[in-house]
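# Examination of the molecular architecture
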Amino acid sequence: MLNSSFVPVYLSNEDFLANGAAPAAERAEYVRMWAEFTKLNKGTGNVRVYILAPDGTAFDTLGIGSALMTERLAPFLASCASRLRVQPGDAVVPPKPQPAAPAHGPDSLALHLVARGFRKGSWREFPAENWIVLSRDEQLGWLPPAAARAGFTWTLDPRLSRKILTYFYPQTEDPDSTDRNQFLEQSLQLRALSPAMARIDGQLLMKRSFYPGRADLTLIRARLIGFVRIDPRRRTIADLQLVTHQAFFGEEEFGVAAARHGSGRE
Amino acid sequence: MKKCSWIAWLGLVAVPASAADAGVPNPKPVSDAKLVEFVERQAVAWLPASHEKRIDEIGWAPSLVAAKELARRSQRPVFVFTHDGRVSTGRC
């Protein structure tokens, strides 16, 4: 019904904070929408469904508690569509994967990361995903010296490993993108297997609160394994894959995998 | 003992001195010969399943401004979902 009768859009409140990413025109519409729904007096809230009529005016709204229940959301949407005399049809916007890979230059490398806790229940209905883009210079930091032979070992610059490992935690409550990890120990050791391949072994010891702003930090313990395929001629990374070999968030086991976008696993 | 010394001491006992002290797992080693197969298998196994990506089945407008313009042209209402964090990545 969302595709056939509505124009769906999701908005992260974080983008509309003072330092948020929303452009001025988007902010103006967001403020106007809030003002109209406040005046409509059917309820407002940060996490909520709002329906705008085709002319853009505030029409109806549904609290998140009800919106999470199909038996309440479906009749609400049907009622809105009926009252607005919507003629159902094809989706106005073609569906596409969310989140899409971020735009990045031809010399950059985009890694797609998937993290999932292995217990059941809230926050475990679907995995978390992140995109990490490595610049040309950052990729060079992953490579051995050009003359390195098989068996050569090196440790990755902690700034580079942190850029990836900071996402090595399962789903937690993340109302914004603030990095609240406390790194205790992190290391990624590489060993050249050939001029075009290196093995990665590593470990991570990090603390993170499940909820933001809380003092009860959970210990993250992880052993990591992966590989880098190197293009020796261009001195770039042809593929990079890094996964948890075994990892725990407190007592809960979790898994994280980061791999080059387009490495064939999608 | 000064109060700050107590805090430092507490910090030392609360934070494991090393990964080994903290009980970082020590799983069965993977040989070089099996490395790629092991890592790729794991990376694929943890990808979101189709039932975990129902959000991809919805044609989302890229912004509120765009949604309102598309609504005006198509005479459809706009479904706006406001949320904290990033619902598209599951970090929310």
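As the structure is a prediction and not an experimental result, all values here were calculated from the model.

### Some details on the sheet that holds strand 3 (residues 58–63) of chain A
In space, the four strands of this open sheet follow the order 1(A)-1(B)-2(A)-3(A), with mixed pairing throughout. The open sheet has two edge strands with one neighbour each: strand 1 (7–12) and strand 3 of chain A. Averaged over neighbouring strand pairs, the angle between their axes works out to 20° when direction is ignored. With six bridges connecting them, strand 1 of chain A and strand 1 (residues 78–83) of chain B associate as parallel partners. Within strand 1 of chain B, the position partnered with Val9(A) by the bridge is Val80(B).

### Re the nonpolar core
Counting residues in each nonpolar core, the largest one holds 37 residues, and the members touching the most others are Trp142(A), Phe168(A), Leu204(A), Leu240(A) and Leu242(A). Elements that contribute at least two residues to this core include exactly strand 4 (109–117), strand 5 (128–134), helix 6 (158–165), strand 7 (182–194), strand 8 (197–209), strand 9 (217–231), strand 10 (236–249) and strand 11 (252–260) of chain A. The contact partners of Leu240(A), leaving out residues within four places of it in the chain, are Leu109(A), Leu111(A), Leu134(A), Trp142(A), Phe227(A), Val228(A), Ala258(A), Ala259(A) and Arg260(A). Within the second largest apolar cluster, 22 residues are counted, among which are Ala53(A), Phe59(A), Phe76(A) and Val87(B).

### Observations regarding helix 3 (residues 35–45) of chain B
Within helix 3 of chain B, the full set of buried residues consists of Leu35(B), Phe38(B), Val39(B), Gln42(B) and Ala43(B). When helix 3 of chain B is viewed along its axis, its buried side chains cluster within an angular range of 125° and face the same direction. Its buried side turned inward, helix 3 of chain B meets strand 7, strand 8, strand 9, strand 10 and strand 11 of chain A.

### Some details on the interface of chain A and chain B
Facing the 101 residues of chain A at the interface are 64 residues of chain B. When chain A packs against chain B, the two sides together hide about 7100 Å² of surface, and 61% of this comes from carbon and sulfur. Connecting chain A to chain B are eight salt bridges. We note a salt bridge from Lys68(B) to Glu29(A), for which the minimum N-O separation is 2.5 Å. Remark: the boundary between chain A and chain B carries 42 residue pairs in polar contact (both at pLDDT 80 or more). Within the side of chain A that touches chain B, the residues separate by chemical class into 55 nonpolar, 23 polar and 23 charged.

### Some words on the side chain of Thr61(A)
Residues and elements named next belong to chain A. Looking at the secondary structure, you find Thr 61 in strand 3. Judged by relative accessible area, which is 7%, Thr 61 ranks as buried. A distance of 2.7 Å separates polar atoms of two side chains, one belonging to Thr 61 and the other to Arg 48. Within the local environment of Thr 61, its side chain forms a polar contact with the backbone oxygen of Val 49, the two atoms lying 2.7 Å apart.

### Notes on the domain arrangement of chain A
A common way to express how large an interface is: the accessible area buried when the components associate. According to the domain assignment, chain A consists of domain 1 (2–83) and domain 2 (109–260). Distance from the C-alpha centre of domain 1 of chain A to the C-alpha centre of domain 2 of chain A: 36 Å.

### A short note on the packing of helix 2 (residues 24–40) of chain A against helix 4 (residues 64–74) of chain B
Direction vectors running N to C along helix 2 of chain A and helix 4 of chain B enclose 70°, while the axes themselves pass 8 Å from each other. As the angle between them shows, helix 2 of chain A and helix 4 of chain B are arranged roughly perpendicular. Residues Ala25(A), Glu26(A), Glu29(A), Tyr30(A), Arg32(A) and Met33(A) of helix 2 of chain A form the contact with helix 4 of chain B, whose own contacting residues are Leu64(B), Val65(B) and Lys68(B). By residue class, the composition of the contact of helix 2 of chain A with helix 4 of chain B is five nonpolar, no polar and four charged.

### Side note on the layout of surface pockets
Within this model, the largest pocket holds a volume of roughly 1600 Å³. Along the walls of the largest pocket sit 40 residues, with Ala67(A), Leu68(A), Phe126(A), Phe81(B) and Val87(B) positioned nearest its centre. Elements with a contribution of two residues or more to the lining of the largest pocket: helix 1 (2–5), helix 3 (64–67) and helix 4 (70–83) of chain A together with strand 1 of chain B. Here the lining of the largest pocket takes four residues from helix 4 of chain A, the largest share from any one element. For the lining of the largest pocket, a count of residues per class yields 23 nonpolar, nine polar and eight charged.

### Digging into the confidence of the model for chain B
Residue and element names in this part refer to chain B. Predicted confidence across chain B gives a mean pLDDT of 83, with 77% of residues reaching 70 or more. Element-level pLDDT for chain B is lowest in helix 1 (residues 3–14), with a mean of 36, against a maximum mean of 98 in helix 4. Scored below 50 in pLDDT, residues 1–15 shows four contacts in the model against residues more than four places distant or in partner chains.

### Overview of the packing of aromatic side chains
Scanning all chains against the criterion turns up 10 aromatic pairs over all chains. On the basis of an interplanar angle of 45° and a centroid distance of 6.0 Å, the ring pair of Phe118(A) and Trp46(B) is categorised as tilted. Of this pair, Phe118(A) sits in the loop between strand 4 and strand 5 while Trp46(B) sits in the loop between helix 3 and helix 4, which puts the two residues in different chains. We classify Phe118(A) as partly exposed; its relative accessible area is 36%. By relative accessible area, Trp46(B) is classed as buried at 10%. Within the aromatic cluster, the residues linked to one another by ring pairs are Phe16(A), Tyr30(A), Trp34(A), Phe37(A) and Tyr50(A). Across the ring face of Tyr169(A), the terminal group of Arg208(A) is positioned such that the distance to the ring centre comes to 3.7 Å. Stacked on the ring of Tyr169(A), the Lys or Arg Arg91(B) has its end atom at 4.1 Å from the ring centre.

Each value, and the rule that gives it
Residues numbered from 1 in each chain as written. Chains lettered and ligands numbered in written order. Predicted model: local features only at pLDDT ≥ 70, side-chain atom pairs only at ≥ 80, totals over all residues. Heavy atoms only, no water. Pairing = 2+ DSSP bridges. Helix = DSSP H or I, 4+ residues; strand = E, 2+ residues; numbered from the N terminus. Axes fitted to C-alpha atoms, helices over the stretch in contact; angles between N-to-C directions. Core = buried A, V, L, I, M, F, W, Y, C linked by side-chain atoms within 4.5 Å. Buried < 20%, exposed > 50% of the residue type's maximum accessible area, 1.4 Å probe, protein only. Contact = heavy atoms within 4.5 Å. Arc of directions from axis to C-beta. Buried area = accessible area lost by both parts, 1.4 Å probe. Salt bridge = Lys/Arg side-chain N within 4 Å of Asp/Glu carboxyl O. Polar contact = N/O pair within 3.5 Å; in protein donor to acceptor, adjacent residues only side chain to side chain. Nonpolar A, V, L, I, M, F, W, Y, C, P; charged D, E, K, R; others polar. Domains from an automatic or database assignment. Parallel < 35°, antiparallel > 145°, perpendicular 65-115°, else oblique. 1 Å grid on protein atoms, 1.4 Å probe; cavity = no way out; pocket = protein on both sides within 12 Å on 5 of 7 lines; lining within 4 Å. Points joined across faces, edges and corners; volume = space filled by probe spheres on them. pLDDT = per-residue confidence, 0-100. Phe/Tyr/Trp six-rings, centres within 6.5 Å; stacked < 30°, edge-to-face > 60°. Lys NZ or Arg CZ within 6 Å of the ring centre and 35° of its normal.

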